[in-house]
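These are the residues of each chain, in order.
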Amino acid sequence: MQEVLTVRVRIKETYEVHGQRGLARMILFDGEGEGSGFYGKILPGGVDTQQVHDDGKLELSARYMLEGTDSSGKSCLVFIENVGIANDKGYIEKTHPKIRTNSTTLSWLETSVLLGTISAWEKGVIIHIYLSNQ
């Protein structure tokens, strides 16, 4: 698979509520992303919402927007929604990113099948987004 975007996420704040049916968590973050001729910074409001259900199942949905420049030198915005479900060991092996952008140069990302992975970083996590071979 070809990596098309790498996003370095710096965790800023975390909020949790423990309910009768599980846990809900909101993780606020900032950071930057680059790849496929793009470089940009995460705009304020980036959030990863996580739910840990009473059966222990973890689901995440991160939503954020990057403001930057595409390979043609034009300013642009890239919105990413990234969802994932943890395996039986609580590890998220892959995510399913969806992208929207106002860049004509990057518009192919909107119709591509993308897969993501998450790796640890001392300041947060790194999101790797790949063009799927499907």
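Before reading further, recall that the structure is shown in the block above.
Calculation notes
- Residues numbered from 1 in each chain as written.
- Predicted model: local features only at pLDDT ≥ 70, side-chain atom pairs only at ≥ 80, totals over all residues.
- Heavy atoms only, no water.
- Helix = DSSP H or I, 4+ residues; strand = E, 2+ residues; numbered from the N terminus.
- Rg over C-alpha atoms; globule rule 2.2 N^0.38 Å.
- Lys, Arg positive; Asp, Glu negative; His and termini not counted.
- Charge placed at Lys NZ, Arg CZ, Asp CG, Glu CD.
- Phe/Tyr/Trp six-rings, centres within 6.5 Å; stacked < 30°, edge-to-face > 60°.
- Buried < 20%, exposed > 50% of the residue type's maximum accessible area, 1.4 Å probe, protein only.
- Contact = heavy atoms within 4.5 Å.
- Pairing = 2+ DSSP bridges.

Visitor: How should the overall build of the protein chain be read in this particular structure?
Guide: Tallying secondary structure elements over the protein chain gives one helix and nine strands in all. Taken from N to C terminus, the helices and strands of the protein chain fall in the order β-β-β-β-β-β-β-α-β-β. Compactness check: the protein chain gives a C-alpha radius of gyration of 15 Å against a globular reference of 14 Å for 134 residues, within 12% of the reference. Averaged over its 14 positive side-chain charges, the protein chain has a centre that lies 2 Å from the centre of its 17 negative ones.

Visitor: Just checking my understanding: could you explain the packing of aromatic side chains for this structure?
Guide: Aromatic ring pairs are described here by two measures, namely the spacing of the ring centres and the angle between the planes. Using the criterion set out here, one finds one aromatic pair in the structure. Here Phe-29 and Tyr-64 contribute two aromatic rings whose centre-to-centre distance is 5.4 Å and whose plane-to-plane angle is 75°, an arrangement assigned as edge-to-face. On the criterion of sequence distance, the pair formed by Phe-29 in strand 2 (residues 22–35) and Tyr-64 in strand 5 (residues 58–69) is long-range, its members being 35 residues apart. Using a relative accessible area of 7% as the deciding quantity, one classes Phe-29 as buried.

Visitor: Could you clarify how one ought to interpret the environment of Asp-30 in this entry?
Guide: Here Asp-30 shows up in strand 2. Classification of Asp-30 by relative accessible area gives partly exposed; the value is 22%. Taking C-alpha positions, Asp-30 is 6.8 Å from Pro-44, a pair spaced 14 residues apart along the chain. With sequence-adjacent residues up to four places away left out, Asp-30 is seen in contact with Arg-8, Val-9, Arg-10, Lys-12 and Ile-42.

Visitor: Where do I start with the pairing of strand 4 (residues 46–53) in this structure?
Guide: For a regular strand, the rule is simple: side chains alternate between the two faces of the sheet. Pairing between strand 2 and strand 4: eight bridges, direction antiparallel. For Met-26, the partnering residue across the bridge sits in strand 4 and is Thr-49. Of the pairings in the sheet, the one linking strand 4 to strand 5 comprises six bridges and is antiparallel in character. Residue Gln-51 lies in a different strand from strand 5, and its bridge partner there is Glu-59. Connecting strand 4 to the antiparallel partner strand 5 that follows it, the hairpin turn spans four residues, and Gly-56 within it adopts a positive phi of roughly 90°.

Visitor: I would appreciate a short explanation of the pairing of strand 8 (residues 114–121) in the present structure.
Guide: Bridge analysis of strand 8 against strand 9 (residues 124–131) gives eight bridges, and the strand direction is antiparallel. Looking at the pairing, Ile-118 lines up with Ile-127 of strand 9. Here strand 8 folds back onto strand 9, and the loop between the two strands holds two residues.

Visitor: Got a minute to help me understand the environment of Gly-46 in this structure?
Guide: Summarising the element assignment, Gly-46 is placed in strand 4. Along the backbone, Gly-46 and Asp-30 are 16 residues apart, and their C-alpha atoms lie at a distance of 6.3 Å. Filtering out sequence-adjacent residues up to four positions away, Gly-46 remains in contact with Ile-27, Leu-28, Phe-29, Arg-63 and Tyr-64.

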